[in-house]
Amino acid sequence: MNAVTIIAGMNTSSLPRIAVLATGGTIAGQAGDASNTTGYKAGVVGVDKLLDAVPGLSSVARIHAEQIASIDSKDMSPALWTQLVLRVNALLAQDDIDGVVITHGTDTLEETAYLLHLTVKSAKPVVLTAAMRPSSALSADGPLNLLNAVTVAASKDAAGQGVLVAFNNQIHSARDVTKTNTYAVDAFRSPETGVLGFVQDGRFEFQRGIVRPHTMKSEFAIVENWPMVGIVASYVGVLRVGIDALVKAGVAGIVVAGTGNGSMHATLTQALADAAKQGIAVVRSSRVGSGHVMRNGAASDDALGTVSAGTLNPYKARVLLMLALAANAQDLQRVFDTY
Ligand code: SIN
């Protein structure tokens with residue numbers, strides 16, 4: 001971490017003080033020319049420049065900024081997750097910080113957001129944002145997304161709602177949000193639940209609440225030693241070598257991106273039965289992209305000891321499984337039914 005910047009706002013004493021933690025991503029990306037939105041380098045623009053590009057920010061909040069990392073989020077690591085969550089929790093424990101905004105790449109934002117949702121120990125607002133176009137692009141979406149994220153984080157209404165994602169004028173819950181488009185600026189959706197609310201022109205509004213426990217009510221805490229958990233997909237003609245390789249590598253858990261209701265090719269069923277016999281936790285999710293995965297009882301879950309992921313996609317199911325395994329949670333189906 002480096003570069004701490006303070007931007008003084010108007011009426012400084014009355015404005016909320018928001019910590020902006022930058023991790024990289026396209027929002028901090030730069031290309032050689034303004035029409036280039038694919039051949040750029042992510043995570044190269046510093047947090048001070050990101051903030052400078054947002055007119056009006058200083059009338060919304062006093063900003064404390066930190067550069068946590070400068071990466072393309074495809075390269076996010078569990079070690080950096082630990083560093084980020086520890087820093088967020090430390091900042092939120094300070095009386096002089098009212099909320100946190102995290103700038104992140106869009107590619108793995110949903111995983112980091114869900115991790116924070118389960119491990120932040122504060123009711124103060126935490127809002128992630130990102131961009132689909134680099135900072136150098138015509139109509140870059142980062143500055144407005146950042147302004148909107150700070151607007152949400154600076155509002156008392158956002159407290160106690162778990163970790164939020166402010167993107168393209170919409171507010172999503174970290175639990176439900178997923179990236180659904182490779183290029184469009186409305187790249188995020190919450191497939192089964194819809195948006196939590198919207199933010200526009202300095203005003204934001206929730207349209208629904210969230211029911212499942214998070215942050216202060218989560219039983220999970222951030223860990224330093226991450227259990228190894230892999231993901232395998234089921235598809236036509238799939239070989240079992242992927243699962244066998246994971247088992248050989250010593251994974252503690254496997255998430256299956258199954259077909260339909262988390263079903264899988266018979267080849268995988270046999271390989272996972274073998275893995276489960278060795279004490280490896282197996283969670284069935286779906287590659288479909290929306291809907292939920294129900295327990296399928298005698299067909300597999302009861303027989304093999306596998307767990308259904310509900311509405312969590314494979315990547316979020318992996319986050320929850322890693323935390324549950326680290327916490328030595330005994331009843332994994334209860335964990336997936338709860339969170
Ligand atoms: C990244 O995830 O860091 C690159 C892509 C993006 O932010 O849109």
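What you see is a predicted model; the values in this text were computed from it and never measured.

## Topic: helix α2 (residues 78-92)
For step 1, the next point in the chain: Between its first and last C-alpha, α2 extends 21 Å over 15 residues, near the 21 Å set by a 1.5 Å rise per residue.
For step 2, the next point in the chain: Those residues of α2 that fall on the buried side of the exposure criterion are Leu 80, Trp 81, Thr 82, Leu 84, Val 85, Val 88, Asn 89, Leu 91 and Leu 92.
For step 3, the next point in the chain: Close packing links the buried residues of α2 with β2 (17-24), β3 (62-71), β4 (99-103), α3 (109-119), β5 (126-129) and α8 (314-326).

## Details of unusual backbone geometry
For step 1, the next point in the chain: Its identity is not glycine, yet Asn 169 carries a phi of approximately 70 degrees, on the positive side.
For step 2, the next point in the chain: Counting through the fold element by element, Asn 169 comes out in the loop between β6 (163-167) and β7 (170-173).

## Some remarks on the packing of aromatic side chains
For step 1, the next point in the chain: This structure, assessed with the given rule, holds four aromatic pairs.
For step 2, the next point in the chain: Relative to Phe 206, the ring of Phe 204 lies with its centre 5.3 Å away and its plane at 85 degrees, an arrangement referred to as edge-to-face.
For step 3, the next point in the chain: For Phe 204, a relative accessible area of 13% translates into the label buried.
For step 4, the next point in the chain: Considering the side-chain rings of Phe 220 and Tyr 339, the 5.2 Å spacing of their centres and the 55 degrees angle between planes classify their relative orientation as tilted. Of this pair, Phe 220 sits in the loop between β11 (203-206) and β12 (229-233) while Tyr 339 sits in the segment after α9 (332-338), and the two are 119 residues apart along the sequence. Of the two residues, Phe 220 and Tyr 339, both sit in the buried class.

## Quick word on the domain arrangement of the protein chain
For step 1, the next point in the chain: The domain architecture assigned to the protein chain consists of domain 1 (2-217) and domain 2 (229-338).
For step 2, the next point in the chain: Taken over C-alpha atoms, the centre of domain 1 sits 30 Å from the centre of domain 2.
For step 3, the next point in the chain: Contact residues are listed per partner, giving 16 residues for domain 1 and 16 residues for domain 2.
For step 4, the next point in the chain: Together, the buried faces of domain 1 and domain 2 total about 1,300 Å²; carbon and sulfur atoms form 59% of this surface.
For step 5, the next point in the chain: Together, Tyr 114, Arg 175 and Glu 192 form the three largest contributors to the area buried by domain 1 at its contact with domain 2, with a combined 36%.
For step 6, the next point in the chain: Inspection of the domain 1/domain 2 interface yields zero salt bridges.
For step 7, the next point in the chain: On the surface where domain 1 and domain 2 come into contact, there are nine residue pairs in polar contact (both at pLDDT 80 or more).

## Here's the deal with the sheet that holds β12
For step 1, the next point in the chain: What the four strands build is an open sheet, ordered β12-β13-β14-β15; its pairing is parallel. In the strand order of this sheet, the two ends are held by β12 and β15 (307-308), each with one partner.
For step 2, the next point in the chain: Of the pairings in the sheet, the one linking β12 to strand β13 (residues 253-258) comprises five bridges and is parallel in character. The residue of β13 that forms the bridge with Ala 233 is Ala 257.

## Regarding the pattern of salt bridges
For step 1, the next point in the chain: All chains considered together, the criterion is met by 14 salt bridges.
For step 2, the next point in the chain: When the shortest N-O distance is used, the salt bridge between Asp 302 and Arg 295 registers 2.9 Å.
For step 3, the next point in the chain: The exposure class assigned to Arg 295 is partly exposed, which follows from its relative accessible area of 36%.
For step 4, the next point in the chain: Within this structure, Arg 240, Asp 244, Asp 274 and Lys 277 form a network of salt bridges that share partners.

## Things to note about the site of the ligand
For step 1, the next point in the chain: Neighbouring the ligand are Gly 25, Thr 26, Asp 72, Ser 73, Gly 105, Thr 106, Asp 107 and Ala 131.
For step 2, the next point in the chain: Between the ligand and Thr 26, the relevant distance is 2.9 Å, taken from an oxygen atom to a main-chain nitrogen or oxygen of the residue.
For step 3, the next point in the chain: Note that an oxygen atom of the ligand is positioned 3.2 Å from one of the side-chain N or O atoms of Asp 72.
For step 4, the next point in the chain: Contact with the protein chains hides 95% of the accessible area of the ligand, taken as 250 Å² for the molecule alone.

## Some remarks on helix α5 (residues 241-249)
For step 1, the next point in the chain: Taken as a whole, α5 has its buried residues at Ile 243, Leu 246 and Val 247. Along the axis of α5, the buried positions cluster into a sector of 100 degrees, meaning they face one direction only. α5 presents Val 241 and Lys 248 as exposed residues on the side facing more than 90 degrees away from its buried surface.
For step 2, the next point in the chain: Immediately beyond the C-terminal end of α5, within one or two residues, lies Gly 250, with a positive phi of roughly 95 degrees.

## With respect to the environment of Glu 192
For step 1, the next point in the chain: Relative to the assigned elements, Glu 192 resides in the loop between β9 (188-189) and β10 (197-200).
For step 2, the next point in the chain: Beyond its immediate stretch of four places on either side in the chain, Glu 192 contacts Ser 290, Gly 291 and Thr 311.
For step 3, the next point in the chain: Side-chain polar atoms of Glu 192 contact the backbone nitrogen of Gly 291, separated by 2.8 Å.

How each quantity is defined
- Residues numbered from 1 in each chain as written.
- Predicted model: local features only at pLDDT ≥ 70, side-chain atom pairs only at ≥ 80, totals over all residues.
- Heavy atoms only, no water.
- Helix = DSSP H or I, 4+ residues; strand = E, 2+ residues; numbered from the N terminus.
- Expected span 1.5 Å × (residues − 1).
- Buried < 20%, exposed > 50% of the residue type's maximum accessible area, 1.4 Å probe, protein only.
- Contact = heavy atoms within 4.5 Å.
- Phe/Tyr/Trp six-rings, centres within 6.5 Å; stacked < 30°, edge-to-face > 60°.
- Domains from an automatic or database assignment.
- Buried area = accessible area lost by both parts, 1.4 Å probe.
- Salt bridge = Lys/Arg side-chain N within 4 Å of Asp/Glu carboxyl O.
- Polar contact = N/O pair within 3.5 Å; in protein donor to acceptor, adjacent residues only side chain to side chain.
- Pairing = 2+ DSSP bridges.
- Near = heavy atom within 4 Å.
- Areas by Shrake-Rupley, 256 points an atom, 1.4 Å probe, with all protein chains shown as cover.
- Arc of directions from axis to C-beta.

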